[in-house]
Amino acid sequence: MSKKAKIDYSLYLVTDRKILGSRDLAASVEKAIQGGVTLVQLREKSVSSKKFLELAQRVKEITSHYGIPLIINDRLDIALAVDAEGLHIGQDDLPMIKARELFGKDKIIGVSASTLEEALLAQQQGADYLGVGAVFSTATKTDAPEVSLEQLSEIKKSVSIPIVAIGGINLGNLKQVIGTGIDGVSVVSAILAQEDILQAAKKFREFI
């Protein structure tokens, strides 16, 4: 069984420094991992490459210490520079086939999908998992198209790779989302915007 096949997608943390306020990103990620997060995606849309690299190096030290895979959002160069375990790409980013060619077959590549067609194409092109959403409206990604729970369930039944639901997921709607049979949930504010990040992650972990 390959290392990739053993990845636990159940509680997938996506970072957003804006909602952390003055709190340190690396320390916050560490607390979330201690609370039960199984995968971390570092997402930085508005910093220089130098700053992104510095953040990625710090977060990578923590994820490696706990044996948690680090996924870099969008930026293949950063993912390669810190030897991250994975890369997550959207529909407007580097094409999946090119990303695989450059990143290597042993690395995890996830693709965002909001329709069945996008999901099937990503699987066909060799994606390791799909981020499907936004299931609920979300303040952290305002441009994401909405995906109903019925559509999420249909995509899950139609593909054989793991599916992580994304968008506005919190403890209040978690049961509905898990009910679709997906492999994991992607969480931003419901963990990182909370006063006690460790306890917030623990509550998700217990529920899942």
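Please refer to the structure higher up on the page.
These lines cover the structure that appears in this document, whether it is placed above or below.

## Re helix α2 (residues 49-66)
- Along its 18 residues, α2 runs 26 Å from first to last C-alpha, staying within 8% of the 26 Å computed at 1.5 Å per residue.
- What α2 keeps buried is the set F52, L55, A56, V59, K60, I62 and T63.
- Residues of α2 that are buried in the fold lie against α1 (25-35), β2 (39-42), β3 (70-73) and α3 (76-81).
- Positive phi appears at G67, one or two residues downstream of α2, with a value of about 70°.

## Points about the pairing of strand β1 (residues 11-14)
- Both faces of β1 are covered, namely the face carrying L11 and L13 and the face carrying Y12 and V14.
- Examined bridge by bridge, β1 and strand β8 (residues 184-187) share three bridges and lie parallel to one another. Bridge pairing in β8 places Y12 opposite S186.
- Bridge analysis of β1 against β2 gives three bridges, and the strand direction is parallel. Considered in β2, the bridge of L13 is made with V40.
- Note that the unit made of β1, α1 and β2 has a crossover that is right-handed.

## Quick look at the sheet that holds β3
- Overall, parallel pairing links the eight strands, which are arranged β1-β2-β3-β4-β5-β6-β7-β8 in a closed barrel. With direction set aside, neighbouring strand axes in the sheet form an average angle of 25°.
- In this structure, strand β6 (residues 129-133) lies alongside strand β7 (residues 163-166), joined through four bridges in parallel fashion. Bridged to G131 within β7 is V164.
- Relative to the sheet, helix α4 (residues 96-103) contacts β4 (86-89) and β5 (108-113), its axis offset from that of β5 by approximately 165°.

The rules we used
Residues numbered from 1 in each chain as written. Predicted model: local features only at pLDDT ≥ 70, side-chain atom pairs only at ≥ 80, totals over all residues. Heavy atoms only, no water. Helix = DSSP H or I, 4+ residues; strand = E, 2+ residues; numbered from the N terminus. Expected span 1.5 Å × (residues − 1). Buried < 20%, exposed > 50% of the residue type's maximum accessible area, 1.4 Å probe, protein only. Contact = heavy atoms within 4.5 Å. Pairing = 2+ DSSP bridges. Right-handed = clockwise from strand over helix to strand, strands pointing away. Axes fitted to C-alpha atoms, helices over the stretch in contact; angles between N-to-C directions.

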